[in-house]
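Residues per chain, in single letters:
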Amino acid sequence: MFNTLSDKLDVAFKGLAGTGKLTEINVAQSIKEIRRALVAADVNYKIAKEFTDKVKEEALGSRNILKAVKPGDLMVKIVMDEMVSLMGGQTVGINVKGKPGVVLIAGLQGSGKTTFTGKLSKYLKEKKNMKVLVVACDVYRPAAINQLSVLAESIGVDIYKEEGNNNPVDIAGNALVHAQKNNYAVVIVDTAGRLSVDEEMMNEIANIKEAITPTETLFVVDAMTGQDAVNTAAAFNDRIDYDGVVLTKLDGDTRGGAALSVKYTVGKPIKFASTGEKLDELDVFHPERMASRILGMGDIVSFVEKAQEQIDEKEAKRLEKKIKKNKFDFNDFLGQLNQIKKMGDLKSLLGMIPGMNKLKNLDIDESAFSKVESIILSMTPEERARPDVLNMSRKKRIAKGCGKNIHDINMFIKQFDQMRKMMHMMSKGQGMNQMMEKFKGMKGM
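Every value quoted in this text rests on a predicted model; they were computed, and no experiment measured them.

Q: Explain the overall build of the protein chain here, please?
A: When its secondary structure is counted, the protein chain shows 20 helices and 8 strands. Put simply, 73% of the contacts in the protein chain that link residues at least 6 apart link residues at least 24 apart. Per element, the accessible surface of the protein chain, about 22600 Å² overall, is 51% carbon and sulfur.

So this is what it looks like as structure tokens:
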């Protein structure tokens, strides 16, 4: 989402490269580029001007104090700090305390409320170990209840719905009584939206809130709608005074002004950021990490956290022993592929690694995973466990089973063997130069 903004900010900082110090002239030039970048990212001009005024004041105030810091680096640091402040400063968690805790979900139609309800349910169930009940209060959109039912079933949480009852306020109230009787830890109420803000919708959501007194009210906003998202957020907040914002579709190809502006406009923190349709593509919003990614410094903390969620310590130790003995097999490889896939979209993951945003037009073919899986799954259990038994006859059978040609099979096996040897060498503590010498001339590394 922030690629264009990142590129334009990078241009602004490069204008300071080679200069000995910050001056009023080069600071003014840099500030002008930063303001243009923010406005182009659909940040309100008033917000962009106030932001850059603060950056300018801080830059000119620091120029004679931090003389040892390069001008470009100093400007990046100042912009980073102000951007973190603009987006809320600190990470704010969700409040689900109570017996049960009640979370009310509000927003326009199409903003991703129902999908977010599913994602939040999965998050609370798996990461907070909570017994979750989702409540279907969107009685107007024909597919809404079915969609929530499918999501709830896939996650393994219960759903409360009332066939034939078209009163969302009554449904929400009845669901809360049901949750109290059955010892649910948290109730998540999915409400109806409209294509635009209207009085009927506002009255309904206000009445539901009054009836169930939620511990947390979250406004879900589609980040791809840009500045309109911020205006809608303000309209909802004026009426129902929600507790926090959820930004959805942050993986979209748009300008990202909503993420930068919504906290400043409504005074409420962004609590979650959602990317994609997969139910595990939900992140707690960290202003400092988002600012770091926007400025091209990656988000290595989130990357490590995602990796740790998928890594089993016992499995890691088992693999370490196999690698040292050069016994890493196709079953192990397939397991590692599945762990990587669970971490999320590869392009998003690479965006978390410092410097990777500089690689333009990086082509990530995620279908390669499926190709590799089809080859391995066409092998017998013996072949997966003992790669060395693969002769030409077996390769032909595997190629036929997965729909590939014999060249594809040979290439994959060759690359697997090279990778296995390299991992074995690394486990024995051999230096990178030694490894590169041994693998010099090999293709497919």
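Q: What is the right way to look at the packing of aromatic side chains in this model?
A: Here the distance between the centres and the angle between the planes together describe a pair of aromatic rings. Counted under the stated rule, the structure contains 10 aromatic pairs. When the centroid spacing of 4.7 Å and the interplanar angle of 40° are considered together, the rings of Phe219 and Phe236 count as tilted. Remark: Phe236 occurs in helix H9 (residues 227-240) and Phe219 occurs in strand E5 (residues 216-222); sequence separation between them is 17 residues. The residues Phe219 and Phe236 share a single accessibility class, namely buried.

Q: What exactly am I supposed to notice about the pairing of strand E1 (residues 101-107) here?
A: A regular strand carries its side chains on alternate faces of the sheet. Burial runs high along E1: 7 of the 7 residues are buried. Of the two faces of E1, the one lined by Gly101, Val103, Ile105 and Gly107 and the one lined by Val102, Leu104 and Ala106 are each fully buried. Looking at chain direction, E1 and strand E4 (residues 186-191) are connected through 5 bridges and run parallel. Bridging from a neighbouring strand, Val102 pairs with Val187 of E4.

Q: What exactly am I supposed to notice about the sheet that holds strand E3 (residues 158-160) here?
A: In a beta sheet, neighbouring strands are held together by backbone hydrogen bonds and run either parallel or antiparallel to one another. Spatially, the 8 strands line up as an open sheet ordered E3-E2-E4-E1-E5-E6-E7-E8, and their pairing is mixed. For this open sheet the edge positions go to E3 and strand E8 (282-284), each flanked by a neighbour on one side alone. When strand polarity is set aside, the average angle formed by the axes of neighbouring strands in this sheet is 25°. Judged from the 5 bridges that link them, E5 and strand E6 (residues 244-248) form a sheet pairing that is parallel. By the bridge assignment for E6, Asp222 is matched with Thr248.

Q: What is the right way to read the nonpolar core from this model?
A: Side chains of a nonpolar character, in soluble globular proteins, are inclined to be buried together. In this structure, Leu9, Val79, Met83, Val189, Phe236, Leu247 and Leu260 are the most contacted members of the largest nonpolar core, which totals 74 residues. The element contributing the most residues to this core is helix H4 (residues 71-86), with 9 residues. Not counting residues up to four positions away in its chain, the partners in contact with Val189 are Val102, Val103, Leu104, Ile105, Val135, Cys137, Ala172 and Ile212. Counting 25 residues, the second-largest nonpolar core is a separate cluster that includes Ala136, Ala152, Ile188 and Phe272.

Q: Would you mind showing me how to read the environment of Ala172 here?
A: Within the element layout of this structure, Ala172 appears in helix H7 (residues 168-181). Given the relative accessible area of 2%, Ala172 is considered buried. Considered as a pair, Ala172 and Lys209 are 37 residues apart in the sequence and their alpha carbons are 9.2 Å apart. Sequence-distant contacts of Ala172, that is, excluding residues within four places in its chain, are made with Cys137, Val189, Ile208 and Ile212.

Q: Even after reading the chapter, I still don't get helix H5 (residues 113-127), so can you show me in this structure?
A: Spacing of three or four residues puts side chains on the same side of an α-helix, whose turn is 3.6 residues. The terminal C-alpha atoms of H5, which comprises 15 residues, lie 20 Å apart, in line with the 21 Å expected from a rise of 1.5 Å per residue. Within H5, 11 of the 15 residues are buried, leaving the element largely enclosed by the surrounding structure. When H5 is considered as a whole, its buried residues turn out to be Lys113, Thr114, Thr115, Phe116, Thr117, Gly118, Lys119, Leu120, Ser121, Tyr123 and Leu124. In the segment just after H5, Asn129 is the residue with positive phi, at about 55°.

Q: Could you clarify how one ought to interpret the pairing of E5 in this entry?
A: Among the 7 residues in E5, 7 count as buried, and that is most of the element. Burial of E5 is two-sided: the residues Glu216, Leu218, Val220 and Asp222 facing one way and the residues Thr217, Phe219 and Val221 facing the other way are all buried. Looking at chain direction, E1 and E5 are connected through 5 bridges and run parallel. What sits directly across from Val103, in E5, is Glu216.

Q: I tried to follow the pattern of salt bridges on my own but got confused; where do I start?
A: Oppositely charged side chains can pair when the atoms bearing their charge come close. Counted under the stated rule, the structure contains 20 salt bridges. Between Lys271 and Glu216 there is a salt bridge, with its nearest N and O atoms 2.5 Å apart. Of this pair, Lys271 sits in strand E7 (residues 270-274) while Glu216 sits in strand E5; the two residues are 55 residues apart in sequence, bridging distant segments of the chain. Close ionic contact of Asp332 with Arg318 constitutes a salt bridge, the shortest N to O distance being 2.9 Å.

About the cut-offs
Residues numbered from 1 in each chain as written. Predicted model: local features only at pLDDT ≥ 70, side-chain atom pairs only at ≥ 80, totals over all residues. Heavy atoms only, no water. Helix = DSSP H or I, 4+ residues; strand = E, 2+ residues; numbered from the N terminus. Contact = heavy atoms within 4.5 Å. Areas by Shrake-Rupley, 256 points an atom, 1.4 Å probe, with all protein chains shown as cover. Phe/Tyr/Trp six-rings, centres within 6.5 Å; stacked < 30°, edge-to-face > 60°. Buried < 20%, exposed > 50% of the residue type's maximum accessible area, 1.4 Å probe, protein only. Pairing = 2+ DSSP bridges. Axes fitted to C-alpha atoms, helices over the stretch in contact; angles between N-to-C directions. Core = buried A, V, L, I, M, F, W, Y, C linked by side-chain atoms within 4.5 Å. Expected span 1.5 Å × (residues − 1). Salt bridge = Lys/Arg side-chain N within 4 Å of Asp/Glu carboxyl O.

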